[in-house]
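Commentary on secondary and tertiary structure
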Amino acid sequence: MSAVGLSASLLLVLGVGAAFASDLRCPDPSRMVLIAAGPFWMGSDEGERDVARSLSSEAVRDARWFDAELGRRRVTLPAYCLGRYLVTQRDYAAFVHATGRTPPGITRAEYEAQGFRVHDYEGTWTRFLWRGNRPPAGWEEHPVVLVSALDAEAHCRWRGLRLPSETEWEKGVRGTDARPFPWGDRWDPDRLNSAERGPGHTTPVTRYETGISPFGLFDPVGNVFQWTATASGARGQQVVKGCAWDDEAGLCRPAFRHTRPATSRHFLIGFRCAGVPS
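Given the structure is predicted, the values throughout are model-derived calculations rather than measurements.

**Things to note about the overall build of the protein**
Counting its secondary structure elements, the protein contains eight helices and nine strands. Relative to a compact globule of 278 residues, whose C-alpha radius of gyration would be 19 Å, the protein shows 18 Å and is just as compact. Relative to its 278 residues, the protein shows a buried fraction of 54%. Pairs at least 24 apart in sequence give 75% of the contacts found in the protein among residues at least 6 apart. Total accessible area on the protein is roughly 11700 Å²; 52% of this is exposed by carbon and sulfur atoms.

Structure, rendered in structure tokens:
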């Protein structure tokens, strides 16, 4: 099923009816979700981090991945729009063809220089490489990857949009309460593409209907990490949120955060766009 092929009844289930009932509209309601103005709970407390540790391997616990999470606090935001889906390979191909921007990719030399050499280049990275100006065959509806934060920002600008801030991203993914997972209080590996029950690569952005966020976002966590517009530190780092198809359960929470250089290109990182309602 393609994103544009969702039925009207499903869109109502996802909360689009509420968006249309308000005075504000997003640029493309079939692809953008209106996030209403108001407060929400952001970040995690020690109780949630304990849950994350209980779902994690010893290696993840020893690496203290959850120490970088922001403390639980109440945050209020104005209304904004957020992409219902991750930007797909097909979406990005249209951008490449229209603008002449370099297609997603990374050479072996760039891979070696960039670091993050956890996965073998020939065995894993090459599966995600484009051939000329075309994404991997059959993966057109998968999220685009191997794009830097700068690439992601350029794509969003081309559409009259922008990258979401970390705060905007987390509200759209979590909803307004303090739930640890987008769908509720308990971990459920059937609701997302992660290491536990995923296929070992990216999946179409409309696949996991039972894992949508309270606002109706698909792939709120899982499938790929997601670039945000939020900078972190003084070394050109940018915050990424969510988790990817090869990640453990403890990382797959709205509160989890990680950073990467804005110039990084990785097959585990994609993005969605945000905008201003009218």
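**Comments concerning the packing of helix H5 (residues 89–99) against helix H7 (residues 149–158)**
Taken N-terminus to C-terminus, the directions of H5 and H7 make an angle of 80 degrees; their axes are 11 Å apart at the nearest point. As judged from the angle between their axes, H5 and H7 are roughly perpendicular. For the pair formed by H5 and H7, the contact residues are Asp91, Tyr92, Ala94, Phe95, Ala98 and Thr99 on the first element and Asp151, Ala154, His155 and Trp158 on the second. The residue inventory of the contact of H5 with H7, partitioned by class, reads six nonpolar, two polar and two charged.

**Re the sheet that holds strand E5 (residues 225–232)**
Ordered by their spatial adjacency, four strands build an open sheet running E7-E6-E5-E8, and the pairing between neighbours is mixed. At either end of the open sheet lies a strand with only one pairing partner, and these are strand E7 (257–261) and strand E8 (269–270). The sheet contact formed by E5 and strand E6 (residues 237–241) spans four bridges and is antiparallel. When the sheet's bridge partners are listed, Gln226 is paired in E6 with Lys241.

**Topic: the side chain of Ser213**
Summarising the element assignment, Ser213 is placed in the loop between helix H8 (166–174) and E5. Taking relative accessible area as the criterion, Ser213 reaches 4% and is therefore assigned buried.

**A few points about H7**
Among all positions of H7, only Ala149, Asp151, Ala152, Ala154, His155 and Cys156 are buried. Packed against the buried residues of H7 are H5, E5 and E6. N-cap assignment for H7: the residue whose side-chain oxygen lies 3.2 Å from the backbone N of Leu150 is Ser148. Count one or two residues on from H7 and you reach Gly160, which has phi positive near 75 degrees.

**With respect to the layout of surface pockets**
Considered as a void within the structure, the largest pocket measures approximately 410 Å³ in volume. Contributing to the lining of the largest pocket are 19 residues, with Trp65, Phe225, Asp247, Arg260 and Leu268 lying nearest its centre. Secondary-structure elements contributing two or more residues to the lining of the largest pocket are helix H4 (58–63) and E7. Within the lining of the largest pocket, the residues separate by chemical class into 11 nonpolar, four polar and four charged.

**A closer look at the confidence of the model for the protein**
Mean pLDDT for the protein: 92, with 92% of residues reaching 70 or above. The low-confidence segment residues 1–21 (pLDDT under 50) makes 26 contacts with residues lying over four places distant or belonging to another chain.

**Observations regarding unusual backbone geometry**
Phi is positive for Leu146, which is not a glycine, with a value near 60 degrees. Secondary-structure assignment places Leu146 in the loop between helix H6 (108–114) and H7. Located in the positive-phi region is Asn223, a residue other than glycine, with phi close to 75 degrees. Tracing the chain through its elements places Asn223 in the loop between H8 and E5.

**Remarks on the environment of Arg197**
Tracing the backbone shows Arg197 in the loop between H8 and E5. Between the alpha carbons of Arg197 and Gly71 there is a distance of 30 Å; along the sequence they are 126 residues apart. When residues no more than four places from it in sequence are discounted, the contact partners of Arg197 are Pro189 and Asp190. There is a polar contact of 2.9 Å between the side chain of Arg197 and the side chain of Asp190.

**Focus on the pattern of salt bridges**
Per the counting criterion, the structure on display carries 24 salt bridges. Between Glu48 and Arg253 there is a salt bridge, and its shortest N-O distance comes to 2.6 Å. Here Arg253 lies in the loop between E6 and E7 and Glu48 lies in helix H3 (residues 46–54), a separation of 205 residues in the sequence. Here the two residues Glu48 and Arg253 agree in accessibility, since each one is buried. The salt bridge partner of Glu122 is Arg108, with a shortest N-O separation of 3.5 Å. With Glu122 in the loop between H6 and H7 and Arg108 in helix H6, the pair connects residues that are 14 residues apart, well separated along the chain. For Glu122, a relative accessible area of 47% gives the class partly exposed. Classification of Arg108 by relative accessible area gives partly exposed; the value is 36%. Look at the salt bridges and you will find they share partners, linking Asp45, Glu48, Glu69, Arg72, Glu166, Glu170, Arg174, Lys241, Arg253 and Arg257 into a network.

Definitions and cut-offs
- Residues numbered from 1 in each chain as written.
- Predicted model: local features only at pLDDT ≥ 70, side-chain atom pairs only at ≥ 80, totals over all residues.
- Heavy atoms only, no water.
- Helix = DSSP H or I, 4+ residues; strand = E, 2+ residues; numbered from the N terminus.
- Rg over C-alpha atoms; globule rule 2.2 N^0.38 Å.
- Buried < 20%, exposed > 50% of the residue type's maximum accessible area, 1.4 Å probe, protein only.
- Contact = heavy atoms within 4.5 Å.
- Areas by Shrake-Rupley, 256 points an atom, 1.4 Å probe, with all protein chains shown as cover.
- Axes fitted to C-alpha atoms, helices over the stretch in contact; angles between N-to-C directions.
- Parallel < 35°, antiparallel > 145°, perpendicular 65-115°, else oblique.
- Nonpolar A, V, L, I, M, F, W, Y, C, P; charged D, E, K, R; others polar.
- Pairing = 2+ DSSP bridges.
- Polar contact = N/O pair within 3.5 Å; in protein donor to acceptor, adjacent residues only side chain to side chain.
- 1 Å grid on protein atoms, 1.4 Å probe; cavity = no way out; pocket = protein on both sides within 12 Å on 5 of 7 lines; lining within 4 Å.
- Points joined across faces, edges and corners; volume = space filled by probe spheres on them.
- pLDDT = per-residue confidence, 0-100.
- Salt bridge = Lys/Arg side-chain N within 4 Å of Asp/Glu carboxyl O.

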